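Take a look at the letters that make up each chain.
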Amino acid sequence: MTSNPLRDPRDRRIPQVAGPCVLVLFGVTGDLASKKLLPAIYDLANRGLLPPGFSLVGFARRDWVDEDFAKLTHDAVKAHARTPFREAVWRQLNEGVRFVPGEFGDDAAFDNLADTVAQLDAERGTGGNYAFYLSIPPKAFPTVVQQLKRSGLSSAPEPDALGHRPWRRVVIEKPFGHDLASARELNSMLDAVFPPHAVFRIDHYLGKETVQNLLALRFANTLFEPIWNRGYVDHVQITMAEDIGIGGRAGYYDGIGAARDVIQNHLLQLLALTAMEEPLSFSADSLRAEKEKALSAVKIPDDLAAGTARGQYSAGWQGGVAVGGFLEEDGIAPDSTTETYAAIRLGIDTRRWAGVPFYLRTGKRLTSRMTEIAVMFQRAPHLPFAATDTQELGQNALVIRVQPDEGITVRFGSKVPGSAMEVRDVNMDFAYGESFTESSPEAYERLLLDVLIGDPPLFPRQEEVELSWQILDPIEEFWATHDKPEQYPAGTTGPASSDALLANDGRAWRRL
Amino acid sequence: MLIDLTDTTTGDIRAALTKARDQLGGPTTGVVLNLIIVADETSQHDAVRAASQAGREHPCRVLAVIARDPRGESRLDAEIRTGEGAPGQTVLLRMYGPMSLHADSVVAPLLVPDTPVVTWWPGTGPAAPSASPLGALAQRRVTDAAAASVPGEALAALASGYRPGDTDLAWTRATTWRSLLAATLDQQHGEISGGVVIAEEHNPSADLIAAWLTDRLGVPFRRDVSGGPGITQVTFSSSEGDITISRPDGRNATLTRADQPERYVALHRRDAAELLAEELRRLDPDEIYRESLAQFAAGAAAQGS
């Protein structure tokens, strides 16, 4: 396509708007659809980022007509959208809302879907561009993907006379398999139908403002990069703590556990972004190349018993509420060995990071909900103060708070006012949440728009998924052949073995 | 927290601001901007309200400069509002007597250091914003040609007095239209030979859109007059037929192009807070505005001669 003279890189007011397209959503009755996806679509429309003619097709096993799906969407938008509800925006969106009822295995339903999108092309000028969002359990992927192929929906027609070819994209959510073998299987199944660049794997953490800001922090400033290495950094702690239990996800969670659920994707992605070298540019390829290099340099502990920890929450008090233990949850076998807490120590074999441990931990039913990356610096090699003056001085730290209260904290020593020289730790805070929350888009908004525009830097590629499983698989195998996870009371900071993991190295976890 | 200071000094105001911050637990820590509003008693209320709404996205210290009777003794009254459900702080500065001619000397000591300064004239602004004392303090100067008695003349004056960092809310109002127009031309289209922008008679945003299209596409865009509200239609004449976006009611627009279905688009007019929030998002010189403004001035001069 020839360049558009109305677009100019200097014109920063005009946002990039997705081209005409249809978003086909599988799993519209799920929680994610009504809490995140549908509101995000409305918010995009409200910000003027969706093109005229944009259409949304829902597919589900419901005896519904278009209006029923429109109502579901309307209710979801009213309840969860970030931006104010505007009748005119809703009308624009509503005109393109369609619903196709059917089972995933039903040929007729998919033929109906193919007719529906073809009709939208004719009625609303969506130009044959389709994105398929699979917000469904992974076991249904093969059926749906095969149906997309059979009905001809997955293959884009040949380029027209002007060389313009419509696009087809598929969006999948984690989990991307449950080990290396199953991840490869999933990929080869997708690969047979969609080319690699058309597969968008959503890790919603990567759509978060702070995570993208990590790149700005590291590579747009001179202040941090010189000390971002083993010469200054003592260790790094990456934490994702949740205060909730497994809720209604027993079916999914049992047999998966905390490490597969969180470490494999979110925490290893955060580790890659923290540890990687500077990419040549922020293009998808350069960014992924650096992330892949960092992930392939990751080394797991030689002694897996000492270098990892796992636990299961038992009954206890969380935030003033008495809650049951994991083994008492509905749908969980009383002898389940699935872990709800996992901690591991990883090394990164590069010149930058040799000898600097990266501690990763995640768990459910912990003291509080928070996700952060804490870069802990070495103590000053010499303190020209009396030992008593610096008794309260800890390690300098740079903490990137991912959620809640997104922001950055720098922790350093400062003199306590008074006649004595006494140094104590203080915080310097930058808070996104202080006032930017109202304008910062939800992660899903950003990611959905990127899918529709076709901009992939924030989506992990298959290589990264495989590398992550290569890191985790030996640990999972070790755990499978060893004792049961250690119990920790709900509302605490995790099992004792996890604290021992750091204590053995002369360190301690940051308080949750 | 509201603090009223009558017949005061900038030193006292600073002390009061610091005290308010300590008592409220530090609401200035997140301030990213100083926003100077140059208003009179009638326009200050709406302007300050818009600024505190925009302040949710861009927490700022708002310094509203309100000139009172220039005769008589110099006197400074200040009204400090902080922590009233919005981040940042607002200081209303009422200046009496000759002091009102030296407002910059009052404002300068009250700016948060290390933080950019934006000056906004919600009413009739100076022809050369950067030459005015309060404009000289700022790296971004926001006028509003639509508030002038003859907006076209105001735009022409702004064009001749332009300095990098100037911008105008008439241009901000054009963004939603420009965004839709750019998206329209993202699609395949025939060769464009010209077009027309139709709006109310005195609509500087429409003037700027026509100038922008003329400048970017290198073909003439006419400016026609309708009953409004605001901008009602933009049409591209192309070798494959007309492409038209029409918005007769100020809210709902339709996109029509040859042999394609008509499409409906929401295109609402934004309020002052939204405009200001967009304006504060970027503080670097807006070159596209400069070029469009220059194009408009050149067109107006050609018509006049």
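Note that the structure is a prediction, hence the values are computed from the model and not measured.

(A) Examining the interface of chain B and chain A more closely. Taken together, the contacts link 45 residues of chain B with 35 residues of chain A. Here chain B meets chain A over a buried area of about 3,400 Å², counting both sides, of which 54% is carbon and sulfur. Of all residues in chain B, the largest losses of buried area upon contact with chain A belong to Q188, R263 and Y264 of chain B, amounting jointly to 20% of the total for that side. With its nearest N and O atoms 3.4 Å apart, the salt bridge here joins R86 of chain A to E274 of chain B. Of all the secondary structure elements, the ones that give two or more residues to the side of chain B that touches chain A are α6 (169–173), α7 (175–186), α8 (204–217), β13 (252–257), β14 (263–266), α9 (272–281) and α10 (287–304) of chain B.

(B) A look at the sheet that holds strand β4 (residues 130–134) of chain A. Residues and elements named next belong to chain A. Strand order across the open sheet formed by 6 strands is β3-β2-β1-β4-β5-β6, with parallel pairing between neighbours. Every other strand in the sheet has two partners, leaving β3 (97–101) and β6 (199–202) as the edge strands with one partner each. Across the sheet, the mean angle separating the axes of adjacent strands is 20° when strand polarity is ignored. Bridging between strand β2 (residues 55–60) and β3 involves 5 bridges; their strand directions are parallel. Looking at the pairing, L56 lines up with V97 of β3. Across the sheet, helix α2 (residues 66–80) lies against β2 and β3, angled at about 120° from β3, the strand it touches most.

(C) Focus on unusual backbone geometry. Cis geometry is adopted by the peptide bond preceding P175 of chain A, which originates at K174 of chain A and carries an omega value of 0°. One can find P175 of chain A in the loop between β5 (168–173) and α6 (180–191). One non-glycine residue, D7 of chain B, lies in the positive phi region at around 45°. Turning to its location among the elements, D7 of chain B is positioned in the loop between β1 (2–5) and α1 (10–24).

(D) Layout of the sheet that holds β14 of chain B. Strand order in the open sheet made by the 6 strands is β10-β9-β11-β12-β13-β14 (chain B), with mixed pairing throughout. Each edge of the open sheet carries a strand with a single partner, namely β10 (221–225) and β14 of chain B. Strand-to-strand, the axes of this sheet are offset by a mean angle of 15°, without reference to chain direction. Two elements, strand β9 (residues 192–199) of chain B and β10 of chain B, share 5 bridges in a ladder whose sense is parallel. Bridging across to β10 of chain B, I198 of chain B finds its partner in D224 of chain B. Packing against the sheet, helix α3 (residues 87–94) of chain A makes contact with β13 and β14 of chain B, and its axis sits at approximately 150° to β14 of chain B. The sheet strands contacting α7 of chain B are β9, β11 (231–238), β12 (241–246), β13 and β14 of chain B, and the helix crosses β11 of chain B at an angle near 25°.

(E) A look at the side chain of N46 of chain A. All names here are of chain A. By the element assignment, N46 lies in helix α1 (residues 31–46). Overall, N46 belongs to the buried group, its relative accessible area being 10%. Separated by 3.0 Å, the side chains of N46 and T83 make a polar contact. When neighbours within four sequence positions are excluded, N46 is seen to be in contact with T83, P84, R86 and V89.

Each value, and the rule that gives it
Residues numbered from 1 in each chain as written. Chains lettered and ligands numbered in written order. Predicted model: local features only at pLDDT ≥ 70, side-chain atom pairs only at ≥ 80, totals over all residues. Heavy atoms only, no water. Contact = heavy atoms within 4.5 Å. Buried area = accessible area lost by both parts, 1.4 Å probe. Salt bridge = Lys/Arg side-chain N within 4 Å of Asp/Glu carboxyl O. Helix = DSSP H or I, 4+ residues; strand = E, 2+ residues; numbered from the N terminus. Pairing = 2+ DSSP bridges. Axes fitted to C-alpha atoms, helices over the stretch in contact; angles between N-to-C directions. Buried < 20%, exposed > 50% of the residue type's maximum accessible area, 1.4 Å probe, protein only. Polar contact = N/O pair within 3.5 Å; in protein donor to acceptor, adjacent residues only side chain to side chain.

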